[in-house]
Amino acid sequence: MELPKLNFRETFDFKFKKDKDKFFIYDLVRKTYLLLTPEEWVRQHWIHYYLTVKSYSVSALITEKKIVLNGLTKRIDLLITEKTQPKILIECKAPQIKLTEKTFEQTARYNSIIGAEEIILTNGLQHINAYYENDQYQFYKADH
């Protein structure tokens, strides 16, 4: 399986398995193998980044949390918490998906429910980082 090299300085030690013609990647948060989709490839990089580079504990990472937005059930990709408080909401897209104002607005709408102080919109190749302060998002360049 050909996986794109993502825009992280570090390389991570992923565990894979193959079953018939499908590939799976081990999720350290959920402690199970998940189907390796392009979006999952991106999410697993962020999980490994926060666990190994930023030294967060597994319990501080929440994946696939359900939220209700305008009456619709949605799932967030990854939430980093500190002392159980939402800290960073990460919305992962597949590497071939362009990050646009529209995809950023989707992430901001999710965060209107979550209330994290920071959001990251990423396709693994490009990362858009923003802090939420004074009722607006302030974009900044991060060092990943």
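Residue numbering note: each chain is counted from 1, following its sequence as written. Only residues with pLDDT of 70 or above have their local features reported here, since the model is predicted, and side-chain atom pairs are shown and tallied only from 80 upward, although totals for entire chains, interfaces and linings are computed over all residues. Hydrogens and water molecules were not included; the side-chain quantities draw on all heavy atoms of the structure.

**Student:** Could you clarify how one ought to interpret the pairing of strand β6 (residues 72–75) in this entry?
**Tutor:** Residues in a regular strand point their side chains to alternate faces of the sheet. Inspection of the sheet shows strand β5 (residues 66–69) paired to β6 by four bridges, in the antiparallel sense. Paired with Ile67 across the strands is Lys74, a residue of β6. In this description, strands pair whenever DSSP reports at least two bridges between them. Helix and strand labels come from DSSP, where a helix needs a run of H or I of at least four residues and a strand needs a run of E of at least two; each type is numbered from the N terminus. Turn length for the β5-β6 hairpin, with the two strands adjacent in sequence and antiparallel, is two residues, and the turn residue Asn70 shows positive phi of about 50 degrees.

**Student:** What is the right way to read the sheet that holds strand β9 (residues 118–122) from this model?
**Tutor:** On the basis of which strands lie adjacent, the open sheet formed by six strands has the order β4-β7-β8-β9-β10-β11 and mixed pairing. Only two strands of the sheet have a single partner each, and these edge strands are β4 (61–63) and β11 (136–140). On average, each strand axis in the sheet is inclined to that of its neighbour by 25 degrees, with strand direction left out of account. Of the strand pairs in this sheet, β4 and strand β7 (residues 78–82) are connected by three bridges, and their pairing is antiparallel. Each bridged residue has a counterpart across the sheet, and for Ile62 the counterpart in β7 is Leu79. Its contacts with the sheet place helix α1 (residues 38–53) against β4, β7, β8 (85–92), β9 and β10 (127–133), and it is angled at close to 145 degrees to β8. A fitted line through C-alpha atoms serves as each axis, taken over the contacting stretch for helices, and the angle formed by two N-to-C directions is quoted from 0 to 180°. We call two residues in contact when some of their heavy atoms are within 4.5 Å.

**Student:** Sorry, what's going on with the packing of aromatic side chains here?
**Tutor:** Aromatic rings in a pair are described by how distant their centres are and how their planes are angled relative to each other. For Phe, Tyr and Trp, where Trp contributes only its six-membered ring, two rings pair if their centres lie within 6.5 Å, and the inter-plane angle classes them as stacked under 30 degrees, edge-to-face over 60, or tilted in between. For the coordinates displayed, the defined rule picks out 16 aromatic pairs. Here the aromatic rings of Phe104 and Phe139 are separated by 4.9 Å at their centres, their planes lie at 50 degrees, and the arrangement is tilted. With Phe104 in helix α2 (residues 101–114) and Phe139 in strand β11, this pair connects stretches of sequence that are 35 residues apart. Phe104 gets classed as buried once you look at its relative accessible area, which sits at 10%. Ring centres of Tyr131 and Tyr140 lie 4.7 Å apart, and the angle between their planes is 20 degrees; this geometry places the pair in the stacked category. You can call Tyr131 partly exposed: its relative accessible area is 35%. Accessible area is worked out with a 1.4 Å probe on protein chains only. A residue is then buried under 20% of its type maximum, exposed over 50%, and partly exposed in between. For Tyr140, a relative accessible area of 26% puts it in the partly exposed group. Three or more aromatic residues joined by ring pairs form one cluster here, namely Phe8, Phe12, Phe14, Phe16, Trp41, Trp46, Tyr49, Tyr50 and Tyr56.

**Student:** What exactly am I supposed to notice about the side chain of Gln44 here?
**Tutor:** If you trace the backbone, Gln44 turns up in helix α1. Apart from the residues within four sequence positions on either side, Gln44 is in contact with Phe14, Ile25, Tyr26, Asp27, Leu28 and Leu34.

**Student:** Explain unusual backbone geometry to me, please; I cannot follow it from the model alone.
**Tutor:** Most peptide bonds are trans, and most residues other than glycine sit at a negative phi. In the Ramachandran plot, Lys83 falls in the positive-phi region, its phi being about 50 degrees despite a non-glycine side chain. Note on placement: Lys83 falls in the loop between β7 and β8. Judged by its relative accessible area of 79%, Lys83 is exposed. Backbone geometry places Asn134, a non-glycine residue, at a positive phi of 50 degrees. Locating Asn134 in the fold gives a position in the loop between β10 and β11. Asn134 sits in the exposed class, given a relative accessible area of 69%.

**Student:** I keep staring at the pattern of salt bridges and nothing clicks. Help me out?
**Tutor:** Side-chain pairs of opposite charge can arise where the charged atoms are in close proximity. Throughout this description, the term salt bridge denotes a Lys or Arg side-chain nitrogen within 4 Å of a carboxyl oxygen of Asp or Glu. Within this structure, the stated rule accounts for seven salt bridges. Of the charged contacts, one joins Arg43 and Glu40 as a salt bridge, the two residues approaching to 2.8 Å between their closest N and O atoms. Of this pair, Arg43 and Glu40 both sit in helix α1, three residues apart, which is roughly one turn of that helix. Between Lys93 and Glu91 there is a salt bridge, with the nearest N and O atoms lying 3.4 Å from each other. Here Glu91 falls in the buried class, since its relative accessible area comes to 5%. Salt bridges here are not isolated pairs; linked through shared partners, they connect Glu40, Arg43, Glu64, Arg75 and Asp77.

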